[in-house]
Every structure is written in C-alpha cells, then in structure tokens.
Amino acid sequence: MEMSHDYMRETVAKMTGHGFTADEEHAQVPRRGAASYARHTYELVRGESEHLVLECLIYPDGSETYWLELRRMGTIHTFPFPLDSWKWRDDHVEFSFYGRHDGSALSFVLRL
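All of these numbers come straight from a predicted model, not from anything done at the bench.

**Things to note about the nonpolar core**
Ranked by size, the top nonpolar core spans 21 residues in total, and within it Leu52, Leu54, Leu68, Leu83, Trp86 and Phe95 carry the most contacts. Sorting the residues of this core by element identifies α1 (5–16), β2 (34–46), β3 (50–58), β4 (64–73) and β7 (92–97) as the ones contributing at least two each. Residue contacts for Leu54: discarding those within four places in its chain leaves Met8, Val12, His40, Thr41, Tyr42, Leu44, Trp67, Leu68, Leu83 and Phe95.

**Looking at the packing of aromatic side chains**
Where two aromatic rings form a pair, the distance of their centres and the angle of their planes describe that pair. For the structure on display, the rule yields six aromatic pairs. Ring centres of Tyr7 and Trp86 lie 5.5 Å apart, and the angle between their planes is 15 degrees; on these two criteria the pair is classed as stacked. Taken together, the residues Tyr7 in helix α1 and Trp86 in strand β6 (residues 85–88) connect sequence positions 79 residues apart. Residue Tyr7 shares its accessibility class with Trp86, and that shared class is buried. On the numbers, 5.0 Å between centres and 55 degrees between planes, the contact of Phe81 with Phe97 is tilted. Here Phe81, found in strand β5 (residues 81–82), pairs with Phe97, found in strand β7; they are 16 residues apart in sequence, far enough to count as distant. Pairwise contacts between aromatic rings join Phe81, Phe95, Phe97 and Phe108 into one cluster.

**Overview of the environment of Asp84**
By secondary structure assignment, the location of Asp84 is in the loop between β5 and β6. In sequence terms Asp84 and Glu94 are ten residues apart; their C-alpha atoms lie 11 Å from each other. Excluding residues that lie within four positions of it along the chain, Asp84 makes contacts with Met3, Ser96, Phe97, Tyr98 and Gly99. A distance of 3.1 Å separates the side chain of Asp84 from the backbone nitrogen of Tyr98, its partner in a polar contact.

**Overview of the sheet that holds β7**
Strand order across the open sheet formed by three strands is β6-β7-β8, with antiparallel pairing between neighbours. Each edge of the open sheet carries a strand with a single partner, namely β6 and β8 (106–111). Sheet twist, expressed as the average angle between the axes of neighbouring strands with direction ignored, equals 15 degrees. Sheet topology note: the β6/β7 ladder contains four bridges and is antiparallel. Each bridged residue has a counterpart across the sheet, and for Trp86 the counterpart in β7 is Phe95. Along the sheet, α1 contacts β6, β7 and β8; its crossing angle with β6, the most-contacted strand, is approximately 40 degrees.

**Some remarks on the sheet that holds β5**
Reading across the sheet, the five strands line up as β1-β2-β3-β4-β5 and stay open at both edges, with antiparallel pairing between neighbours. Across the chains shown, the open sheet's two edge strands, defined by having one partner strand only, are β1 (21–31) and β5. Where β4 and β5 come together, two bridges link them in antiparallel fashion. Within β5, the residue paired with Leu68 across the bridge is Phe81. Of the strands in this sheet, β1, β2, β3 and β4 touch α1, which is tilted by about 15 degrees from β2.

The rules behind these values
Residues numbered from 1 in each chain as written. Predicted model: local features only at pLDDT ≥ 70, side-chain atom pairs only at ≥ 80, totals over all residues. Heavy atoms only, no water. Core = buried A, V, L, I, M, F, W, Y, C linked by side-chain atoms within 4.5 Å. Buried < 20%, exposed > 50% of the residue type's maximum accessible area, 1.4 Å probe, protein only. Helix = DSSP H or I, 4+ residues; strand = E, 2+ residues; numbered from the N terminus. Contact = heavy atoms within 4.5 Å. Phe/Tyr/Trp six-rings, centres within 6.5 Å; stacked < 30°, edge-to-face > 60°. Polar contact = N/O pair within 3.5 Å; in protein donor to acceptor, adjacent residues only side chain to side chain. Pairing = 2+ DSSP bridges. Axes fitted to C-alpha atoms, helices over the stretch in contact; angles between N-to-C directions.

Here it is, written out as structure tokens:
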C-alpha cells in the first residue's frame, strides 16, 4: 500500500473501529515567504494508557510527509517523529520509521 493522506484516514477509521476515539484537526499553515501547507492531525485515544497523534503534512507541490507522536503508551512517550510507512491488519497496526537503504526499518506493532 502506498502511503497517503487517504490511507492515513483509512487507518484512523480502522483504529476507531477497535476502541480508539479520534479528534481531527485540519489547518492551512502559513510560511513566511513561501506558500502555505496543509496539516491534518488525528489524535487517537483508547483508555487511560494509549494516546497517539498521527499527522500528515501536504505541501504545495503535492508531496506529503507523515508523523507520529506517542503521547502515552503505557509509560512510554515520544516527541513527534517521521513515519516511513505503516500498515494495518485486522488485529494490529505496524508503524515503520528510520528506514534504511537495504529496505529494513525500525518498527513497532500496536495491537488492536
């Protein structure tokens, strides 16, 4: 599956079907001396110990970047970091980041 904002929305819908609540925010972000870009943010919460934020930035040239922040996963939290890819299955979502030239990447699996 190719990464896209549409696929991110599908992933969010899949996660809400597995007990997450989702708050969305969509905004145009102005930049000094350059065209603005679109920011689409999805804040996902399930229970007391799972809280994450998925974000897609769409630039004027049509390119997109994807970000993930773990606000709370048990006792773990992170600052936002770029996602190389993600994929969802019936019972989990696998998030991959820090991709290498040989095709491998650091990944973690969130059970749904």
